[in-house]
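Residues per chain, in single letters:
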Amino acid sequence: MKRTKIIDILKSVDYGRETLVMGWVRTKRVSKNVCFIALNDGSTINNLQIVVDVNPEIEEILAKIHTGASVSVLGKTVESMGSGQSTELQCLKLEVLGQANPDEYPLQPKRHSLEFLREIAHLRFRTNTFGAVFRIRHAMTFAIHKFFNDKGFYNIHSPIITGSDAEGAGEMFHVTTLNIDNPPRTEDKKVDYSQDFFGKQTNLTVSGQLEAELAALALSEVYTFGPTFRAENSNTARHLAEFWMIEPEMAFYDINDDMDLAEEMLQYLVKYALDNCREDLEFLAKRRAEEQKQKPQNERDEMELIERLEFVINNKFERLTYTEAIDILKESKPNKKGQFVYPVNDWGTDLQSEHERYLVEKHFKKPVILTNYPKEIKAFYMKQNDDGKTVRAMDVLFPQIGEIIGGSQREENYDKLYSRIKELDIPEEEMWWYLETRKFGSVPHSGFGLGFERLMLFVTGMSNIRDVIPFPRTPKNAEF
Ligand code: 4AD
Ligand code: MG
């Protein structure tokens with residue numbers, strides 16, 4: 001007989017049918033001559049209740065079953081008398097697939113701290129919280145491809161190993177097969193990368209954007225969705241050294257078209273989660289509400305999770321320039337009272353997450369898109385404005401998160417791009433192919449990057465980015 005998934009059994013009202021299920025035991029409870037097993041197979045957050053009539057023969061099998069064990073159950077579906085679920089399974093045949101020694105198994109049917117669960121990341125998938133998070137992560141991945149596919153965008157696989165630094169921030173992991181204890185040297189004692197695997201120095205990509213641009217300048221509308229790597233030493237709840245990024249790139253789009261797409265996409269994804277991940281979201285909403293109760297009043301969310309998600313799809317994002325934002329921040333209460341860790345004094349400084357969150361959570365009370373940043377704090381490829389000071393960048397800022405999207409219109413003018421590359425001392429031999437697209441049929445174009453885990457933080461209401469990716473990579477941490 002073929003196995004039926006628990007999600008399908010719980011949906012069905014076809015009682016009295018012989019059914020085979022397999023899964024992991026969440027709890028086992030014995031009362032009089034009946035044993036109740038709560039079984040979960042990951043297809044849904046809900047457990048299937050298995051009802052076992054205890055007799056001497058089955059008692060022996062039951063003795064081997066504890067929380068965490070895997071079992072196979074052949075049974076008959078019956079309408080549940082208890083509240084909550086409609087269907088349970090009356091056991092006909094019970095088999096243990098794999099035992100879990102209760103003295104060693106670290107997961108107990110109680111709430112464990114997220115910190116503890118990070119230390120057992122190989123088992124944390126088996127908790128309600130992480131089951132919910134990773135089912136939602138899948139749904140968001142699918143929704144992203146669906147969103148772009150329905151719009152006629154093409155998915156481009158950009159390389160993971162590259163020879164260039166797309167963001168120019170120098171935060172790269174090097175890729176080499178040279179013996180690092182004794183690398184070949186050139187005459188002037190530098191490492192001789194011409195003898196390395198690729199015949200040049202290479203690294204893990206920080207962004208697929210540059211390659212996506214090449215594709216957009218032929219296929220018009222494309223996107224990448226891949227892993228990106230940053231060796232920045234920021235140990236925060238919003239940074240990973242390995243994270244996934246969605247980077248659409250569109251020919252013939254200006255910065256306004258770019259913002260429209262970013263806003264439409266975020267609203268689409270949040271709505272997709274509300275429409276398709278309801279039970280998991282309700283579980284996570286309850287969990288977040290409980291977590292909030294532990295916090296001081298002034299640090300608590302103003303909206304509960306589902307309300308906040310609905311708010312984002314029902315309200316237009318606020319759009320303003322960096323300069324306008326700086327004026328608001330300078331005059332803001334926390335700035336005047338010295339409550340920002342980084343006080344806002346001068347035009348030209350980069351915004352910290354505390355400033356972004358102030359704008360979103362306190363001032364506008366909705367998502368914000370900032371444009372026209374100072375060119376000094378943004379990447380070389382952004383389109384320069386006529387004022388000579390700013391570039392056509394746009395960052396989307398979200399409650400709880402701060403920056404969720406960074407993007408821009410691209411500089412399509414060869415001379416301007418070339419002089420910016422020279423100004424910033426970017427090696428021309430790394431960029432010749434990128435520059436050539438501005439020589440041959442250059443067009444206005446734009447794009448942005450959505451940090452997938454930042455989106456996941458927002459949608460799930462989890463507070464630490466380490467808890468929305470299966471195996472987080474952060475400074476001093478690559479255990480699993
Ligand atoms: O703003 P960033 O650095 O932009 C780019 O990489 C551009 N090439 C994107 C483009 O225009 N195609 O990164 C984009 C987004 C950020 O807004 C943030 O959501 C996320 O990527 N991000 C990170 N997420 C997790 N951990 C990190 N260390 C991140 N750095 C950036
Ligand atoms: Mg950015």
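Residues numbered from 1 in each chain as written. Chains lettered and ligands numbered in written order. Predicted model: local features only at pLDDT ≥ 70, side-chain atom pairs only at ≥ 80, totals over all residues. Heavy atoms only, no water.

Across its full length, the protein holds 14 helices and 16 strands. Dimensions of the protein, computed from C-alpha atoms along their principal axes, come out at roughly 85 × 60 × 45 Å. Classification of the 480 residues of the protein by burial places 49% in the buried group. A fraction of 68% describes how many contacts in the protein between residues 6 or more apart in sequence connect residues 24 or more apart. Total accessible area computed for the protein in this model is approximately 23,700 Å², and 49% of it derives from carbon and sulfur atoms. (Helix = DSSP H or I, 4+ residues; strand = E, 2+ residues; numbered from the N terminus. Buried < 20%, exposed > 50% of the residue type's maximum accessible area, 1.4 Å probe, protein only. Contact = heavy atoms within 4.5 Å. Areas by Shrake-Rupley, 256 points an atom, 1.4 Å probe, with all protein chains shown as cover.)

The immediate surroundings of ligand 1 are formed by 24 residues, with Glu167, Gln209, Arg230, Glu247 and Glu403 found nearest. Residue Leu240 places a main-chain N or O atom 2.9 Å away from a nitrogen atom belonging to ligand 1. Protein contact buries 93% of the 630 Å² of open area that ligand 1 shows by itself. Contributions of two or more residues to the shell around ligand 1 are made by β11 (242-251), β15 (402-409) and β16 (445-451). Looking at which element gives the most residues to the shell around ligand 1, the answer is β15, with 5 residues. The class makeup of the residues in the shell around ligand 1 is 8 nonpolar, 8 polar and 8 charged. (Near = heavy atom within 4 Å. Polar contact = N/O pair within 3.5 Å; in protein donor to acceptor, adjacent residues only side chain to side chain. Nonpolar A, V, L, I, M, F, W, Y, C, P; charged D, E, K, R; others polar.)

Right, let's talk about the pattern of salt bridges for a bit. It is possible for side chains of opposite charge to pair when their charged atoms get near one another. Throughout the structure, instances matching the rule amount to 30 salt bridges. One salt bridge connects Arg438 with Glu213, and the closest N-O pair in it is separated by 2.7 Å. Of the two residues, Arg438 is situated in the loop between α13 (428-436) and β16 and Glu213 in helix α5 (residues 209-219); the sequence distance between them amounts to 225 residues. Accessibility expressed as a relative area gives 0% for Glu213, which makes it buried. Lys271 is the partner of Asp275 in a salt bridge, and the nearest nitrogen-oxygen pair spans 2.7 Å. (Salt bridge = Lys/Arg side-chain N within 4 Å of Asp/Glu carboxyl O.)

On to the environment of Val52, then. If you trace the backbone, Val52 turns up in strand β3 (residues 48-53). Classification of Val52 as buried rests on a relative accessible area of 0%. When neighbours within four sequence positions are excluded, Val52 is seen to be in contact with Asn33, Val34, Cys35, Ile37, Ile58, Leu62 and Cys91.

Moving on, we get to the sheet that holds β3. Read around the closed barrel, 5 strands run β1-β2-β3-β5-β4, paired in mixed fashion. Averaged over neighbouring strand pairs, the angle between their axes works out to 55 degrees when direction is ignored. Relative to strand β2 (residues 34-40), strand β1 (residues 18-31) runs antiparallel, the two sharing 7 bridges. In the strand pairing of β2, Trp24 is matched with Asn40. (Pairing = 2+ DSSP bridges. Axes fitted to C-alpha atoms, helices over the stretch in contact; angles between N-to-C directions.)

What follows is about helix α8 (residues 305-314). The set of residues buried in α8 consists of Leu305, Ile306, Arg308, Leu309 and Val312. The buried residues of α8 all sit within an arc of 160 degrees when viewed along its axis, so they share a single face. For α8, the secondary structure elements touched by its buried residues are α6 (255-276), α7 (278-293), β14 (390-398) and α14 (452-460). (Arc of directions from axis to C-beta.)

With that settled, consider the pairing of β2. Burial analysis of β2 places 6 of its 7 residues in the buried class, the great majority of the element. A loop of 2 residues connects β1 with β2, the two strands running antiparallel in sequence, and Lys32 in this loop sits at a positive phi of about 50 degrees. Judged from the 6 bridges that link them, β2 and β3 form a sheet pairing that is antiparallel. Counted as the bridge partner of Val34 is Asp53 from β3.

So, about the domain arrangement of the protein. With domains assigned, the protein is organised as domain 1 (6-109) and domain 2 (126-171 + 206-467). Here domain 1 and domain 2 have C-alpha centroids that lie 44 Å from each other. At the junction of the two partners, domain 1 supplies 10 residues and domain 2 supplies 8 residues. Interface area, domain 1 with domain 2, both sides summed: about 760 Å², of which 45% is carbon and sulfur. Together, Arg26, Ile45 and Leu107 form the three largest contributors to the area buried by domain 1 at its contact with domain 2, with a combined 61%. In this assembly, domain 1 and domain 2 are joined by 0 salt bridges. When the residues that make up the side of domain 1 that touches domain 2 are grouped by side-chain class, the tally is 4 nonpolar, 5 polar and 1 charged. (Domains from an automatic or database assignment. Buried area = accessible area lost by both parts, 1.4 Å probe.)

A contiguous nonpolar surface patch, about 400 Å² in accessible area, is contributed by Ile160, Ile161, Phe197 and Phe198. Counting through the fold element by element, Ile161 comes out in strand β7 (residues 161-162). (Patch = residues over 30% accessible without salt bridge, like charges linked within 9 Å, V, L, I, M, F, W, Y side chains within 5 Å.)

This part covers the pairing of strand β10 (residues 221-229). Burial analysis of β10 places 8 of its 9 residues in the buried class, the great majority of the element. Where strand β6 (residues 154-155) and β10 come together, 2 bridges link them in parallel fashion. Bridged to Asn155 within β10 is Tyr223. Two elements, β10 and β11, share 9 bridges in a ladder whose sense is antiparallel. Counterpart to Thr224 in the pairing with β11 is Glu247.

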